[in-house]
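# Structural description and commentary
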Amino acid sequence: MTEAMLPHGLRAFDDRTSHTTPERRLMLATIANAVADALGNGAVNRPVERDKVRREALAWFRAGSPDFQTVCHLAGLDPLNTRRAVLRYAASGKPMPASRRSNRSTNRTERKAA
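First, a word on what this report is: a plain description of the structure on this page.

The rules behind the values
Residues numbered from 1 in each chain as written. Predicted model: local features only at pLDDT ≥ 70, side-chain atom pairs only at ≥ 80, totals over all residues. Heavy atoms only, no water. Helix = DSSP H or I, 4+ residues; strand = E, 2+ residues; numbered from the N terminus. Contact = heavy atoms within 4.5 Å. Axes fitted to C-alpha atoms, helices over the stretch in contact; angles between N-to-C directions. Parallel < 35°, antiparallel > 145°, perpendicular 65-115°, else oblique. Left-handed = near helix turned anticlockwise from the far one by under 90°. Nonpolar A, V, L, I, M, F, W, Y, C, P; charged D, E, K, R; others polar. Salt bridge = Lys/Arg side-chain N within 4 Å of Asp/Glu carboxyl O. Buried < 20%, exposed > 50% of the residue type's maximum accessible area, 1.4 Å probe, protein only.

Our focus in this paragraph is the environment of Val53. With respect to the element layout, Val53 can be found in helix H2 (residues 47–63). Spatially, the C-alpha atom of Val53 lies 7.4 Å from that of Ala38, the residues being 15 residues apart in sequence. If sequence neighbours within four positions are ignored, Val53 has contacts with Asp37 and Val44.

So, in structure tokens, the structure goes:
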């Protein structure tokens, strides 16, 4: 997950440069997927399903349930700040920023081949 995938308030660190555990990366990916779903940019293509997934993801952030809090803590994020940032970003109507990681990995592959 790259910082570009998260709303500004969640850009606590850049996991490309910090040393993170696989478990932390998994929890960050979980949050990134939920953010994408909450913004309507998840993997679901059909509009009816996308709306349902979006509502469920937003409900997960709004509720701040124990599982949400655990995922945040394991990801190294503050649950309250994470909730606020995601819900504020979702309410703004801004599209989710594009990931830059795919460009970087492509560039690394091209450099190695050269």
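Attention now goes to the packing of helix H1 (residues 22–38) against helix H3 (residues 66–75). For the pair H1 and H3, the least separation of the axes is 8 Å and the interaxial angle reads 130°. Classed by the angle they form, the pair H1 and H3 counts as oblique. The crossing of H1 and H3 is left-handed. On H3, the residues touching Arg24, Met27, Leu28, Thr30 and Ile31 of H1 are Val71, Cys72, Leu74 and Ala75. Among the residues making up the contact of H1 with H3, the classes are represented as 7 nonpolar, 1 polar and 1 charged.

Scanning the entire structure with this criterion turns up 2 salt bridges. Arg46 is the partner of Glu49 in a salt bridge, and the nearest nitrogen-oxygen pair spans 2.8 Å. The class for Arg46 is exposed, based on a relative accessible area of 58%.

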